[in-house]
Amino acid sequence: MLYDIWTVFWRDGIVLRRRLSRFILSRMVAPLLYLVAFGWGLGRSIQVDSGTYLDFLVPGILALNSMNISFNSITPVHAERIYHKSLEEYLLAPIRPDAFVIGKVLAAVLRGLISSTVIVVLAWLFGAHFTPGPLFLAVLTLNCVIFAEIGFLAAMKIDTYEAMSQVNTYILLPMSFLCGTFFSTAALPDAVAAFIDILPLTHTSYLLRGLGSGADVSMLSLLVLVVYAVGGFFWSRHAFRHLTD
Amino acid sequence: MADKDMIVVDELVKRFPHKDKEGRDTEKTAVDGLSLSVRRGEVFGLLGPNGAGKTTTIRMMTMQTRPTEGRIFYDGRSTEHSPVDVKRLIGVVPQHVNFDQDLTVGENLELHARLFHMGKEERRERIAELLDFVGLADVVNDGVRRLSGGMKRRLLIVRALIHRPRILFLDEPTVALDPQVRRRIWDLIRQMAHGGVTVFLTTHYIEEAEALCQRVAILDRGRLVALDEPAKLCDRLGRFTVEWDERGERQCQFFAARHEADDFAASLDPEGGILIRPTNLEDVFIARTGRKGGL
Ligand SMILES: Nc1ncnc2c1ncn2[C@@H]1O[C@H](COP(=O)(O)OP(=O)(O)OP(=O)(O)O)[C@@H](O)[C@H]1O
Ligand SMILES: [Mg+2]
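Source: prediction; values computed, not measured.

Enquirer: Please give an account of the overall build of chain B that cites residues and values.
Expert: Check the secondary structure of chain B and you find 10 helices and 13 strands. Out of the 295 residues in chain B, the part that is buried amounts to 51%. Considering only intrachain contacts with a sequence separation of at least 6, the fraction spanning at least 24 residues in chain B is 67%. With an accessible surface of roughly 14,000 Å², chain B has 47% of that area assigned to carbon and sulfur atoms.

Written out as structure tokens, the structure is:
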């Protein structure tokens, strides 16, 4: 089982290594724009309770970026399933479905963490103050796991390219802006805030912000993330198994 | 089940969800109660017109799609209860090209070898040996997109052979290949069979089945319509065929004995391009499926 996970991961590692510099470069663009526009530009005229807006913003950017990267790192599985049919290799191989799901998710997590590192470095260059500890890293990883699993599920369930890109437009993009990333959900109408508070990214944003500034964090939020990650795994495995229906 | 049977397929059914002409949801039966067995070490051919259910049958036998009904046994082990054990036994050459487009030729093969738990040295040797064998050694570091159609087909076969399967499935292995490559692939299949590998292949090319298969099954609209050695199928239809032109079409009739064929031919209009010849598998195919075989 471990060996099979490694095989699946190894394959993605080869592809990543081949494109590493391009990957890192392209991953710098969006966060850099956010930091310039919202950190330097708008941010100077915004005051938040906890200090500068830049310090408030960076955990939010880390949350939304790790979401986007881990989701989009796993979506090529969709093309492997529908267009290239290369997923058939894994269906024919004497491996367990778990190994495939875990290998793919881990590879997406790795990409999510690499791009997060890029942002941390950029943010420090912009003069942001925060201290990423072990729990900070754990939350970031959990966030990557959750959205890699959601990407995996989308790749298993969705049949067209258009619908795949609609997941980005209708789910990830709104979450990027609303889940406590750029502003506190307290600013939203109650009903909307209640809904937003169920979403995993909201919990990630709050946890990262709290942990980065050394404040107390909610164990409930951590539990929510764990539940999402575990649930996402079982659902992903189920979806992969049912490819052979 | 007999000990000489490697694969036993029992009452296999596959239904797919389907929309009828009015757009209502219904089901379409792709494979309809198929039973057959494949003997250890034989080359078994599955023939049938387009859409007969050949690929669906192979996909069920290789566990890429679950049968709606029925069971499959390999050496007594059911695919339902021991899928991983069975997967180790089989190699599959699909009808379509399904390489990992992001990997090179060598990496595609290495991925396969790793998925089958081959050690580093073993996989390196095996991959080099097979690539050499099919004349692809010099493209090992090329992207798979760059290969020609014939190279891709050969590479598909190489990949299926890496882990030394006991049973090889080939879904139309020589479609769209030039005659030389096709002959080489035939030789390769014969060598595999000679080495004790059981081969299950589908084809549209009747001469391919005649050249390779000890037994053939003919599938039509998901149903088995014939199964035997090619010569026996021909005998059953009538060993001799009389062909002639009538109303702008080529007609055929079959006779068990030569003198019956001669008598019948003598009764025809001598202007009609009459030909008396041995019955072949193509005659059987057309008689059983009511359609022209070939491409
Ligand atoms: N995934 C699927 N969903 C719905 N229908 C399918 C699916 N796969 C196959 N079919 C249908 O099942 C029938 C048998 O298809 P199959 O591909 O097995 O035929 P085949 O004998 O391999 O044909 P060919 O010689 O063209 O390769 C066809 O009518 C096809 O439309
Ligand atoms: Mg087919």
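Once you've had a look at it, read on.
Enquirer: Any details on the coordination of the magnesium ion (ligand 2)? Residues and values, ideally.
Expert: All names here are of chain B. Summarising the metal site, the magnesium ion (ligand 2) is bound by the protein donors T55 (OG1) and Q95 (OE1), whose distances to it range over 1.9 to 2.2 Å. Of this pair, T55 sits in helix α1 (residues 54-61) while Q95 sits in the loop between β6 (90-93) and α3 (105-115), and the two are 40 residues apart along the sequence. Among the residues examined, T55 registers a relative accessible area of 26% and is labelled partly exposed.

Enquirer: Break down the side chain of T181 of chain A for me, citing the residues and quoting the values.
Expert: Residue and element names in this part refer to chain A. Here T181 is to be found in the loop between α8 (161-178) and α9 (190-196). At 3.5 Å, the side chain of T181 forms a polar contact with the backbone oxygen of F177. Not counting chain neighbours up to four residues away, the residues in contact with T181 comprise F56, L57, G60, L64, M175, S176, L201, S205 and R209.

Enquirer: Outline the sheet that holds strand β1 (residues 5-19) of chain B, supporting the account with residue identities and numerical values.
Expert: All names here are of chain B. The 4 strands lie next to each other as β2-β1-β4-β5, forming an open sheet whose pairing is antiparallel. Two strands lie at the open edges of the sheet, namely β2 (25-39) and β5 (77-78), each paired on one side alone. As defined by bridge partners, strand β4 (residues 69-74) adjoins β5 across 2 bridges and the pair is classed as antiparallel. Pairing of Y74 across the sheet is with R77, part of β5.

Enquirer: Tell me about the packing of aromatic side chains, residues and numbers included.
Expert: Evaluated as defined, the whole model comprises 18 aromatic pairs over all chains. Relative to F240 of chain A, the ring of F100 of chain A lies with its centre 4.6 Å away and its plane at 15°, an arrangement referred to as stacked. Of this pair, F100 of chain A sits in helix α6 (residues 97-125) while F240 of chain A is found in helix α11 (residues 219-241), placing the two residues 140 residues apart along the sequence. The burial state of F100 of chain A is the same as that of F240 of chain A; both residues are buried. Its end group placed over the ring of Y205 of chain B, R182 of chain B keeps NZ or CZ at 4.0 Å from the ring centre.

Enquirer: Go over the sheet that holds strand β7 (residues 167-171) of chain B, please, and point to the residues and values.
Expert: Residues and elements named next belong to chain B. If you trace the 6 strands from one edge of the open sheet to the other, you get β6-β7-β8-β3-β9-β10, paired in mixed fashion. Whereas interior strands pair on both sides, the edge strands pair on one side only; in this sheet they are β6 and β10 (223-228). Sheet twist, expressed as the average angle between the axes of neighbouring strands with direction ignored, equals 15°. Bridge count for strand β3 (residues 43-47) against strand β8 (residues 198-203) is 5 bridges, and the pairing is parallel. Each bridged residue has a counterpart across the sheet, and for L47 the counterpart in β8 is T203. Helix α5 (residues 149-161) rests against β6 and β7 of the sheet, and its axis sits at about 170° to β6.

Enquirer: Give a description of the site of ligand 1 that names residues and reports values.
Expert: Residues and elements named next belong to chain B. By nearness alone, 14 residues border ligand 1, and N50, G51, K54, T55 and T56 come closest of all. Contacts to ligand 1 include G51, whose backbone N or O atom sits 2.8 Å from an oxygen atom. Protein contact buries 65% of the 630 Å² of open area that ligand 1 shows by itself. Contributions of two or more residues to the shell around ligand 1 are made by β2 and α1. Per-element tally for the shell around ligand 1: the top contributor is α1, with 3 residues. Counted by class, the shell around ligand 1 contains 4 nonpolar, 7 polar and 3 charged residues.

Enquirer: Could you give me a rundown of the pattern of salt bridges, with the residues and numbers involved?
Expert: All told, the structure shown has 39 salt bridges over all chains when counted by the stated rule. Here R96 of chain A ties to D98 of chain A by a salt bridge, and the two come within 3.6 Å at their closest N and O atoms. Classification of R96 of chain A as partly exposed rests on a relative accessible area of 46%. Judged by its relative accessible area of 5%, D98 of chain A is buried. With a closest N to O distance of 3.2 Å, D187 of chain B and R190 of chain B form a salt bridge. Of this pair, D187 of chain B and R190 of chain B both sit in helix α6 (residues 179-194), 3 residues apart, roughly one helical turn. Of the residues examined, D187 of chain B reaches a relative accessible area of 40% and is grouped as partly exposed. Because the salt bridges share partners, they merge into one network encompassing R11, D12, R19, E80 and K104 of chain A together with D100 and D102 of chain B.

Enquirer: I'd like to hear about the interface of chain B and chain A, residue by residue, with values.
Expert: Opposite the 32 residues of chain B that make contact, chain A presents 27 residues. Both faces combined, the contact of chain B with chain A buries some 2,700 Å², and carbon together with sulfur accounts for 52% of it. Looking only at chain B, the three residues that lose the most surface to chain A are R66, R114 and L115 of chain B, adding up to 25% of its buried area. Counting across the interface, chain B meets chain A through 7 salt bridges. Between D102 of chain B and R19 of chain A there is a salt bridge, with its nearest N and O atoms 3.1 Å apart.

Enquirer: Give a description of the pairing of β8 of chain B that names residues and reports values.
Expert: All names here are of chain B. Burial analysis of β8 places 6 of its 6 residues in the buried class, which makes it a mostly covered element. Residue alternation in β8 divides its side chains into two sets, T198, F200 and T202 and V199, L201 and T203, and both sets are buried. Alignment of β7 against β8, held across 5 bridges, turns out to be parallel. The partner of I167 across the bridge, within β8, is T198.

Enquirer: So what about the environment of V93 of chain B? Which residues, and what values?
Expert: Here V93 of chain B is to be found in strand β6. Separated by 62 residues in sequence, V93 of chain B and L155 of chain B place their C-alpha atoms 9.5 Å apart.

Enquirer: I'd like a rundown of helix α8 (residues 230-237) of chain B, residues and numbers included.
Expert: All names here are of chain B. Among all positions in α8, only P230, L233, C234 and L237 are buried. Down the axis of α8, the sector holding all buried residues measures 100°, keeping them to one side. The elements touched by buried residues of α8 are β9 (215-220), β10, β12 (249-255) and α10 (281-289). Within two residues after α8, G238 carries a phi angle of roughly 125°, on the positive side.

Rules behind the numbers
Residues numbered from 1 in each chain as written. Chains lettered and ligands numbered in written order. Predicted model: local features only at pLDDT ≥ 70, side-chain atom pairs only at ≥ 80, totals over all residues. Heavy atoms only, no water. Helix = DSSP H or I, 4+ residues; strand = E, 2+ residues; numbered from the N terminus. Buried < 20%, exposed > 50% of the residue type's maximum accessible area, 1.4 Å probe, protein only. Contact = heavy atoms within 4.5 Å. Areas by Shrake-Rupley, 256 points an atom, 1.4 Å probe, with all protein chains shown as cover. Donors = N, O, S within 2.8 Å, 3.2 Å for Na, K, Ca; no water. Polar contact = N/O pair within 3.5 Å; in protein donor to acceptor, adjacent residues only side chain to side chain. Pairing = 2+ DSSP bridges. Phe/Tyr/Trp six-rings, centres within 6.5 Å; stacked < 30°, edge-to-face > 60°. Lys NZ or Arg CZ within 6 Å of the ring centre and 35° of its normal. Axes fitted to C-alpha atoms, helices over the stretch in contact; angles between N-to-C directions. Near = heavy atom within 4 Å. Nonpolar A, V, L, I, M, F, W, Y, C, P; charged D, E, K, R; others polar. Salt bridge = Lys/Arg side-chain N within 4 Å of Asp/Glu carboxyl O. Buried area = accessible area lost by both parts, 1.4 Å probe. Arc of directions from axis to C-beta.

Note that all results are geometric; they support no functional claim without further evidence.
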